[in-house]
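A structural walkthrough
This is what each chain is made of:
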Amino acid sequence: MIEIKNLDFHYQRKHQVYTDLNLSIKEGAIYALLGLNGEGKTTLLNLIAGFLIPKGGSCKVFDYEASLREPEMLQDIFVVSDLSEFTNITVKQFRNLYAGFYPQFDYDFFDQCISEFGLTLDSSLKRLSFGDKRKVVLSFALCTNCRLLLFDEPTNGLDIPSKAMFRKLVASSFNENQTIIMATHQVRDLANLIDRIIIENHGKIIINESIERIAEKLAFGLTADQIAPNDLLFKADSFNQNETVSTNHTSQPGQLDIELLFSASIAHSIEISRIFTSQN
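The structure reproduced in this document is the subject of the present report. (Residues numbered from 1 in each chain as written. Predicted model: local features only at pLDDT ≥ 70, side-chain atom pairs only at ≥ 80, totals over all residues. Heavy atoms only, no water.)

1. Quick notes on helix α5 (residues 130-143)
With 14 residues, α5 should reach 20 Å at 1.5 Å per residue; the first-to-last C-alpha distance of 20 Å fits that figure. Residues of α5 that are buried sit in contact with β6 (77-80), α3 (91-98), α4 (107-116), β7 (148-152) and α6 (160-173). Taken from the residues just after α5, Asn-145 is the one with a positive phi, measuring 55 degrees. (Helix = DSSP H or I, 4+ residues; strand = E, 2+ residues; numbered from the N terminus. Expected span 1.5 Å × (residues − 1). Contact = heavy atoms within 4.5 Å.)

2. Some remarks on the packing of α4 against α6
α6 packs onto α4 with a crossing angle of 160 degrees between their chain directions and a minimal axis gap of 11 Å. Classified by the interaxial angle, the pair formed by α4 and α6 is roughly antiparallel. The chirality of how α4 crosses α6 is right-handed. Only Met-165, Lys-168, Leu-169, Ser-172 and Ser-173 of α6 make contact with α4, whose side of the interface consists of Phe-109, Cys-113 and Glu-116. Along the lines of polarity and charge, the residues of the contact of α4 with α6 split into 4 nonpolar, 2 polar and 2 charged. (Axes fitted to C-alpha atoms, helices over the stretch in contact; angles between N-to-C directions. Parallel < 35°, antiparallel > 145°, perpendicular 65-115°, else oblique. Left-handed = near helix turned anticlockwise from the far one by under 90°. Nonpolar A, V, L, I, M, F, W, Y, C, P; charged D, E, K, R; others polar.)

3. Remarks on the sheet that holds strand β4 (residues 56-61)
If you walk across this open sheet you meet the 4 strands as β2-β1-β4-β5, and the pairing is antiparallel. At either margin of the open sheet sits one strand with a lone partner, and together these are β2 (15-25) and β5 (64-65). Two elements, β4 and β5, share 2 bridges in a ladder whose sense is antiparallel. Considered in β5, the bridge of Val-61 is made with Tyr-64. Where helix α1 (residues 41-49) meets the sheet, its contacts fall on β1 (2-12), β2 and β4, and the angle it forms with β2 comes to roughly 60 degrees. (Pairing = 2+ DSSP bridges.)

4. Remarks on the pattern of salt bridges
All told, the structure shown has 7 salt bridges when counted by the stated rule. The partner of Glu-27 in a salt bridge is Arg-147, with the nearest N and O atoms 3.4 Å apart. Of the two residues, Glu-27 sits in the loop between β2 and β3 (29-34) while Arg-147 sits in the loop between α5 and β7, which places them 120 residues apart along the sequence. As a salt-bridge pair, Lys-163 and Asp-189 come within 3.2 Å of each other at their nearest N and O atoms. With Lys-163 in helix α6 and Asp-189 in helix α7 (residues 187-190), the pair connects residues that are 26 residues apart, well separated along the chain. (Salt bridge = Lys/Arg side-chain N within 4 Å of Asp/Glu carboxyl O.)

5. Some thoughts on a nonpolar patch on the surface
A cluster of nonpolar side chains, contributed by Leu-97, Tyr-98 and Phe-101, occupies part of the molecular surface with about 330 Å² of accessible area. With respect to the helices, strands and loops of the structure, Leu-97 is situated in helix α3. (Patch = residues over 30% accessible without salt bridge, like charges linked within 9 Å, V, L, I, M, F, W, Y side chains within 5 Å. Areas by Shrake-Rupley, 256 points an atom, 1.4 Å probe, with all protein chains shown as cover.)

6. Comments concerning the nonpolar core
Membership of the largest hydrophobic core comes to 62 residues, with the highest contact counts inside it found for Phe-151, Phe-166 and Ile-197. For this core, the element with the highest residue contribution is α5, accounting for 7 residues. In this structure, Phe-151 is in contact with Leu-45, Val-80, Leu-138, Ala-141, Leu-142, Phe-166, Ile-180, Ile-181, Met-182 and Ala-183, ignoring residues within four places of it in sequence. (Core = buried A, V, L, I, M, F, W, Y, C linked by side-chain atoms within 4.5 Å. Buried < 20%, exposed > 50% of the residue type's maximum accessible area, 1.4 Å probe, protein only.)

7. Quick look at the pairing of strand β10 (residues 204-210)
The buried count for β10 comes to 5 of 7 residues, which makes it a mostly enclosed element. Hairpin connection between strand β9 (residues 196-201) and β10: a loop of 2 residues separates the two successive antiparallel strands, and His-202 in this loop has a positive phi of roughly 50 degrees.

8. So, the pairing of strand β13 (residues 244-247)
The side chains of a regular strand alternate, first on one face of the sheet and then on the other. Where strand β11 (residues 218-220) lies against β13, 3 bridges are found, and the strand directions are antiparallel. Within the sheet, the bridge partner assigned to Leu-218 lies in β13 and is Thr-247. In terms of strand pairing, strand β12 (residues 232-235) meets β13 through 3 bridges, oriented antiparallel. By the bridge assignment, Leu-232 is partnered in β13 with Ser-246.

9. With respect to the sheet that holds β3
The strand order across the open sheet formed by 6 strands is β6-β7-β8-β3-β9-β10, and the pairing between neighbours is mixed. One side of each edge strand has no neighbouring strand; the edge strands of this open sheet are β6 and β10. In this sheet, neighbouring strand axes are inclined to one another by 15 degrees on average, regardless of whether the strands run parallel or antiparallel. Summarising the sheet, β3 and strand β8 (residues 179-183) pair through 5 bridges and their orientation is parallel. If you follow Ile-30 over to β8, its bridge partner there is Ile-180.

10. A look at the packing of aromatic side chains
Under the criterion given, the structure shown has 11 aromatic pairs. Judged by centre distance (5.4 Å) and plane angle (45 degrees), the rings of Phe-78 and Phe-140 are tilted. Of the two residues, Phe-78 is situated in strand β6 and Phe-140 in helix α5; the sequence distance between them amounts to 62 residues. According to the relative accessible area criterion, Phe-140 is buried, its value standing at 1%. Both rings, one in Tyr-102 and one in Phe-140, keep their centres 6.1 Å apart while their planes meet at 80 degrees; by these two values the pair is edge-to-face. Here Tyr-102, found in the loop between α3 and α4, pairs with Phe-140, found in helix α5; they are 38 residues apart in sequence, far enough to count as distant. Pair check on accessibility: Tyr-102 and Phe-140 agree, each one buried. (Phe/Tyr/Trp six-rings, centres within 6.5 Å; stacked < 30°, edge-to-face > 60°.)

Okay, structure coming up:
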């Protein structure tokens, strides 16, 4: 689906975002892309979409070089950015204006999504709140049936019921030929949807693993007296004694805590990465 090899990218020479980046993203999975603010998540999505051109190396999507923005590639990619601006048109006009660019667009499902979000096709996009505009764009993205959907902070601006509806619509529309990448800080909003996790830090990929493998390799939430000293990888600086990440030596996967995983990966990136690159 996506193959990034030896990719270099910078905005300014003193601000090198990626150096010799290698990343493989598989078809048929929903990815969470996690990283600190300003560390490159949005940049990575834009490189994959072909909005940015690498300074070196390659980024291929469906075997196309992304930066060439071939029409055959673009009709199967949709990007939801963190900001959306609209002219004074209705939701229906927006749908009709852009749906033709996507051969698999599902008009009926779009109308259903808009209704489920409590909006109408006659609503003026210009007059909608940021959250309601977000619902329209998210609905449109899901209805394109593109093979690759890229979401930058998809739940920003959504209230709690709308977040639940978004999860429901993603789960009902996703198919095995698609790949979804969600760059987010709000991991709890999306935890039940995620199949795989990518964590980046300082331009390096620390983890690119399935939920199942992470849960097999690491244990979360044990207290200090349950962990051998050499197995403790991370302990949060809090009053809760069970905010820990440790090596899992059992034969059974445990319950994954994505927020703890992220904190441990940022604090001890070399140790965490080594666990997943070992052959054991």
